[in-house]
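A closer look at the structure
Here are the chains, one letter per residue:
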Protein chains: 2
Amino acid sequence: MSYKTQMQAAKNGVITEQLKIVAYKEGISEESLRARVAAGAVAIPANINHKSLSPEGVGEGLRTKINVNLGVSGDCADYSKEFDKVKLSIELKAEAIMDLSNYGKTFEFRKQLIEHSPAMLGTVPIYDAIGYLEKELVNISAQDFLDVVELHARQGVDFMTIHAGINRKTISVFKESGRLMNIVSRGGSLLFAWMELTGRENPFYEYYDAVMDIFRKYDVTISLGDAMRPGAIADSTDSSQITELIELGLLTKRAWARDVQVMVEGPGHMAINEIKANMVLQKRLCHNAPFYILGPLVTDIAPGYDHITSAIGGAIAAAAGADFLCYVTPAEHLRLPDLQDVKEGIIAAKIAAHAADIAKGIPSARVIDNKMSKARREIDWEEMYKHSIDPEKARRYRESVPVENERSCSMCGKMCAVRTTNAILEGKELDL
Amino acid sequence: MSYKTQMQAAKNGVITEQLKIVAYKEGISEESLRARVAAGAVAIPANINHKSLSPEGVGEGLRTKINVNLGVSGDCADYSKEFDKVKLSIELKAEAIMDLSNYGKTFEFRKQLIEHSPAMLGTVPIYDAIGYLEKELVNISAQDFLDVVELHARQGVDFMTIHAGINRKTISVFKESGRLMNIVSRGGSLLFAWMELTGRENPFYEYYDAVMDIFRKYDVTISLGDAMRPGAIADSTDSSQITELIELGLLTKRAWARDVQVMVEGPGHMAINEIKANMVLQKRLCHNAPFYILGPLVTDIAPGYDHITSAIGGAIAAAAGADFLCYVTPAEHLRLPDLQDVKEGIIAAKIAAHAADIAKGIPSARVIDNKMSKARREIDWEEMYKHSIDPEKARRYRESVPVENERSCSMCGKMCAVRTTNAILEGKELDL
């Protein structure tokens, strides 16, 4: 191969197999996609060792993608349950899965995942470092962290969250300005603790170039983590968040200089009126790198329903430029999600992504909506189920209540507006 | 009493009991509220015969309100089930209930509702006309329609949906321009059928002044129905919808001239990128009258999840100026909602309304979010449940999985970011 990474290939004018597939899936020309990958506006996370991958592009002008979080942990070490979530994610066509395992046989779990998942795979190596190394946090060395990164890269992980932006500068601003919820990023809090306890610089920042060497070798995409993600609407768009974002923009350029693909991670909890400004800010400060967001959750008060608070924020954000949505389940803030939570989280994220794709004018996004509406006008239930985001639920709901007339539902019965209007427009008898 | 309606009182500088209560609930001055009611920017739907009412204001600068639809019908004539929905709506603090009964003992059901509901009550008289009069649609006279309106008004209904904007002009544009989903408003389709079959003008348009006389007598607020509400994202903001909206703006002025309070109803299905423009258009064409919206549903393809598509659209719309959200349940497009559907619909609508109130800067909207986030930082679960939109679900979720440590949840366990950050900031030992 004449190139190390998708970005290097694109810069050199090479159309890779992965790029061809992505261009086909998106219905755009290979050349326009290549230009976007070369400029960093699109990432195609595709580790050279992830052989089962069906590649996807993330970024400018492409469909909004969604990610599912799962993994084994101390409180939930049931491997088969986690694999049921993997199967469901693939069935429901999530484009990415992040394995957040932090306890037990994480190596083996990851291996299985990489062997079987057509979805792109992400990890947060620092979680695994804590569980895998079996050392006290303070005794983990910078080299230990790099070793875990290398291990994940070699195994075939497509993208990794690296919290390199929470450096001494960011922490200094955080301590000076204060916050209601402080740090709510798990990886960020661990690095903050490590830095405070050891007195050293963030190892992922200090040895960023070494991390980039590993990523370049396996074509891992860096997902620049937002340790200062606001965990309350009171903290959003504050000096801590934006200071870190500026660092992420600087780190983006350093990655690109080594042909490493980049995504930047974003908020968090955030009031609706701030979302659009945050999208503009990220695109500007991070030089149009793809934006991967968790939420934003548009209110803090809805535990049990954060798939909804997140769907609201995610749809607005993606319509305004975010490229990639991390799902949030109803279990957020409360417990590890079970299979039903995962399903609800995926569907909510897919709704947000699709609604945003319509809004931002992604070609052909409206085609399925128009098919659905045509089926509705014709009161053709089988056709409606076919175009539903969850055909099983749609069918189950309608069929749970007996109806007088096949061409209506129990909601309006004979007074169905569609039926009435059709009868008049077609000159048929009205049966009210 | 020196006035007939809240609007007349406000115009005359009279501070009514109802206005006092609303000003207190909203935390604003009586004088500023009076000015808004006088100008029509706020409506306080309060029928003089609804004695159990705890009045609410709808409109400019006030909290976004939500409405719950229910009622007895041919396919679901179980009165006690519908009353369970009423109880739940009141428990969950929905500000309005629309009784859409169209079959059976609608008079008695409405009577019970008016006697017991502190929430404001709305109806769509034309639904009841079909069921109550037991006549063929074509045989219902204009006077029959007015008689049903008078009956509802006398009983104590606070606001009524009247589809007066689907007149000959609107139908002419509709027929010329065409649509994917035609007419999806139930009341609108019945009037369309009546007009096509009888060859006459819309009776609510032709006898609008007579309707206003009834409304003035009992202080019923007119909710100008949008018969041309788009039922597909392909139909939104089209000539049919906007032609009707122009008519609704003209009818708004005619109502105000008789001191009748007005709300204007809006879409519907609508892509995210069109929502803000629609809010601007309604406020301009309808002279700043309160906007009462159903949805907007931001995609057509999610039957079973339209509480989510609607929460996305409703939050965006309310943040951009809509004042009143009609709930949408997961059963929308599929069946009559059961009690669980009603609950999910109410919670989703409340989330949308609250998130919008934060965004539009309603005073004190953020207070509860800040309390929740403080409780989160302190990992105080009882306090978190207290500020949750659904305390029972939050508790049930967290307590469904055993956790090692009382001060965490199964999601992150010992790796809880809040716990880690607190330990470092407070100089306590880290227990990872």
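These numbers were taken from a predicted model, which means no experiment stands behind them. (Residues numbered from 1 in each chain as written. Chains lettered and ligands numbered in written order. Predicted model: local features only at pLDDT ≥ 70, side-chain atom pairs only at ≥ 80, totals over all residues. Heavy atoms only, no water.)

The next thing to look at is the interface of chain B and chain A. Tallying the contact residues gives 103 residues for chain B and 103 residues for chain A. Interface area, chain B with chain A, both sides summed: about 8700 Å², of which 68% is carbon and sulfur. At the junction of chain B and chain A, the tally comes to 2 salt bridges. In this structure, the salt-bridge partner of Arg366(A) is Glu274(B), at a minimum N-O distance of 3.9 Å. Across the contact surface, chain B and chain A share 27 residue pairs in polar contact (both at pLDDT 80 or more). Within the residue set of the side of chain B that touches chain A, elements represented by two or more residues are α6 (125–133), α9 (186–198), α13 (272–285), α14 (306–319), α15 (339–359), α16 (367–377), α18 (391–399) and α19 (417–425) of chain B. Of the residues forming the side of chain B that touches chain A, the biggest block, 11 residues, is contributed by α15(B). A per-class count over the side of chain B that touches chain A returns 60 nonpolar, 23 polar and 20 charged. (Contact = heavy atoms within 4.5 Å. Buried area = accessible area lost by both parts, 1.4 Å probe. Salt bridge = Lys/Arg side-chain N within 4 Å of Asp/Glu carboxyl O. Polar contact = N/O pair within 3.5 Å; in protein donor to acceptor, adjacent residues only side chain to side chain. Helix = DSSP H or I, 4+ residues; strand = E, 2+ residues; numbered from the N terminus. Nonpolar A, V, L, I, M, F, W, Y, C, P; charged D, E, K, R; others polar.)

On to the sheet that holds strand β5 (residues 120–123) of chain B, then. Strands in a sheet are paired, the pairing made by backbone hydrogen bonds, and the direction either parallel or antiparallel. Residue and element names in this part refer to chain B. Read around the closed barrel, 8 strands run β3-β4-β5-β6-β7-β8-β9-β10, paired in parallel fashion. Taking the axes of each pair of neighbouring strands and ignoring which way they run, one obtains an average angle of 25° across the sheet. Bridge count for β5 against strand β6 (residues 159–162) is 2 bridges, and the pairing is parallel. Counterpart to Gly122 in the pairing with β6 is Phe159. Of the strands in this sheet, β3 (65–70) and β10 (324–326) touch α15, which is tilted by about 160° from β3. (Pairing = 2+ DSSP bridges. Axes fitted to C-alpha atoms, helices over the stretch in contact; angles between N-to-C directions.)

Before going further, it helps to spend a moment on the relation of the copies chain B and chain A. After a rotation of 180° and a shift along the axis of 0.0 Å, chain B superposes on chain A with an RMSD of 0.0 Å. These values place the two chain copies in the arrangement generated by a two-fold rotation axis. When C-alpha positions in chain B are compared against the rotation axis, the closest is assigned to Ile312(B), at 2.2 Å. When you check the interface residues of chain B against chain A, 100% turn up at the interface there too, and the contact is symmetric in its surfaces. (Least-squares fit on C-alpha atoms with pLDDT ≥ 70 in both.)

This part is about helix α15 (residues 339–359) of chain A. Residues and elements named next belong to chain A. The end-to-end C-alpha distance of α15, which contains 21 residues, comes to 30 Å, matching closely the 30 Å that a straight helix rising 1.5 Å per residue would cover. With 17 of its 21 residues buried, α15 lies for the most part within the structure. At the N-terminal end of α15, a side-chain oxygen is found 3.1 Å from the backbone nitrogen of Gln340, two or three residues along, and the residue is Asp338. A positive phi of about 75° marks Gly361, the residue just after α15. (Expected span 1.5 Å × (residues − 1). Buried < 20%, exposed > 50% of the residue type's maximum accessible area, 1.4 Å probe, protein only.)

Coordinates in, geometry out; function isn't part of it.
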